[in-house]
Amino acid sequence: ALLLLCALGAAQATGGAMAGVGNRQRNYTNHATNLRDALIGDNSGYDMAAPPLSWRTREAEAAYTSEAGTDVSLQIRFFKIESVDLATGKLRVRVWWRMSWEDLRLSWNPADYGGIEEVHLHASTHVDPETREIWLPDFTAYNLNVGLMNSLDWALATASYDGNVYWSRQGTIE
């Protein structure tokens, strides 16, 4: 009760300025909810099993891309060597496994959604599709002792208004 009285007193002392903060937060929540519904909701038509189309229009890019599918950038950042066993040829390292791609189905006009330019989406593994919301590239490293998807930590993917998706996960590979 004391906390509530203090909050009411602060709102009255600032001329109700704290009420504006609540309205902005409520507006953001409404815009974010509407955006997620438009991108991946039941009526959006988004199919997470179907890969995104590739739009290759610049000639300079054509030399480095194929017309067969989605271009995915992969970056592996090594940040700690945990062990090296020369006798068995095993290496255990901590890494950041980062992927990015373009999915124009996840693009929007920020002006239509309160200026929101990024949204975080559930991106889990292929072995647990119930918890993911978007299409994910199927990458694997072949000579691992433990499967790649089980070696990396869970993380949200970030989609930008222009359709660029970035997914970064840390983990241990062996």
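Figured I'd write up the structure that's included with this text. The residue numbering used here restarts from 1 in each chain and proceeds along that chain's sequence as written. This being a predicted model, a pLDDT of at least 70 is required before a residue's local features are given, and a value of 80 or more before pairs of side-chain atoms are given or counted; all residues contribute to the totals for chains, interfaces and linings. In computing side-chain properties, one takes all heavy atoms of the structure into account and sets aside hydrogens as well as water.

Right, let's talk about the nonpolar core for a bit. In this text, buried Ala, Val, Leu, Ile, Met, Phe, Trp, Tyr and Cys residues form a nonpolar core when linked through side-chain atoms within 4.5 Å. Exposure is judged per residue with a 1.4 Å probe applied to protein chains only, and the accessible area is read against the type maximum: over 50% gives exposed, under 20% gives buried, and values in between give partly exposed. Counting 28 residues, the largest nonpolar core has Trp101, Leu106, Ile134 and Trp167 as its most contacted members. Secondary structure is summarised from DSSP: a helix means a run of H or I of at least four residues, a strand means a run of E of at least two, and numbering begins at the N terminus for each. Listing elements by their share of this core, those giving two or more residues are helix H2 (17-40), strand E2 (90-107), strand E3 (118-123), strand E4 (155-160) and strand E5 (162-173). Among the elements that make up this core, the one with the highest residue count is E2 (six residues). In this structure Leu106 touches Leu39, Ile40, Tyr46, Leu121, Ile134, Ala159, Ser160, Tyr161, Gly163 and Val165, once residues within four positions along its chain are discounted. By definition in these notes, contact holds between two residues if any of their heavy atoms fall within 4.5 Å.

Turning to the sheet that holds strand E1 (residues 72-85), a few remarks are in order. Taken in spatial order, the five strands line up as E1-E2-E5-E4-E3 in an open sheet, and their pairing is antiparallel. The sheet is open, and its two borders are formed by E1 and E3, each paired with just one other strand. Averaged over neighbouring strand pairs, the angle between their axes works out to 20° when direction is ignored. A pair of strands counts as paired when DSSP detects no fewer than two bridges linking them. Sheet topology note: the E4/E5 ladder contains three bridges and is antiparallel. For Ala159, the partnering residue across the bridge sits in E5 and is Val165. Every axis corresponds to a line fitted to the C-alpha atoms, with the helix fit spanning only the stretch in contact, and the corresponding angles, defined between N-to-C directions, vary from 0 to 180 degrees.

To continue, consider the pairing of E4. Look at any regular strand and the pattern is simple: side chains alternate between the two faces of the sheet. The element E4 is largely enclosed, with a buried count of five among its six residues. By the bridge criterion, six bridges tie E3 to E4 in an arrangement that is antiparallel. Directly across from Glu118, in E4, lies its bridge partner Ser160. Between E4 and E5, which pair antiparallel one after the other, the connecting turn spans one residue.

Right, let's get into the pairing of E1. Sheet topology places E1 next to E2; 12 bridges connect them, and they run antiparallel. Note that in E2 the partner of Leu74 across the bridge is Met99. From the end of E1 to the start of E2, which pair antiparallel, there are four residues, and Gly89 there has a positive phi angle of about 75°.

Take the environment of Gly114 next. Considering the arrangement of structural elements, one finds Gly114 in the loop between E2 and E3. Using a relative accessible area of 52% as the deciding quantity, one classes Gly114 as exposed.

Salt bridge, as used here: a side-chain nitrogen of Lys or Arg that lies within 4 Å of a carboxyl oxygen of Asp or Glu. On inspection of all chains with the given rule, the structure shows four salt bridges. Note that Arg36 is salt-bridged to Glu133, the shortest N-O span being 2.5 Å. Taken as a pair, Arg36 in helix H2 and Glu133 in the loop between E3 and helix H4 (148-151) lie far apart in primary sequence, 97 residues in all. Among the salt bridges present, the one from Asp103 reaches Arg105, with a minimum N-O distance of 2.9 Å.

A few words now on the packing of aromatic side chains. What counts as a ring pair is set by centres within 6.5 Å for rings of Phe, Tyr and Trp (its six-membered ring), and what kind of pair is set by the plane angle: stacked under 30 degrees, edge-to-face over 60, tilted for all other angles. Applying the stated criterion across every chain, the model contains two aromatic pairs. With 6.3 Å between their ring centres and 40° between their planes, Phe79 and Trp96 make a pair best called tilted. Taken as a pair, Phe79 in strand E1 and Trp96 in strand E2 lie far apart in primary sequence, 17 residues in all. For the pair Trp101 and Trp135, a centre-to-centre distance of 5.8 Å together with 85° between the ring planes defines the contact as edge-to-face. Taken together, the residues span a long stretch of sequence, with Trp101 in strand E2 and Trp135 in the loop between E3 and H4 at a distance of 34 residues. On the accessibility criterion, Trp135 (11% relative accessible area) is buried.

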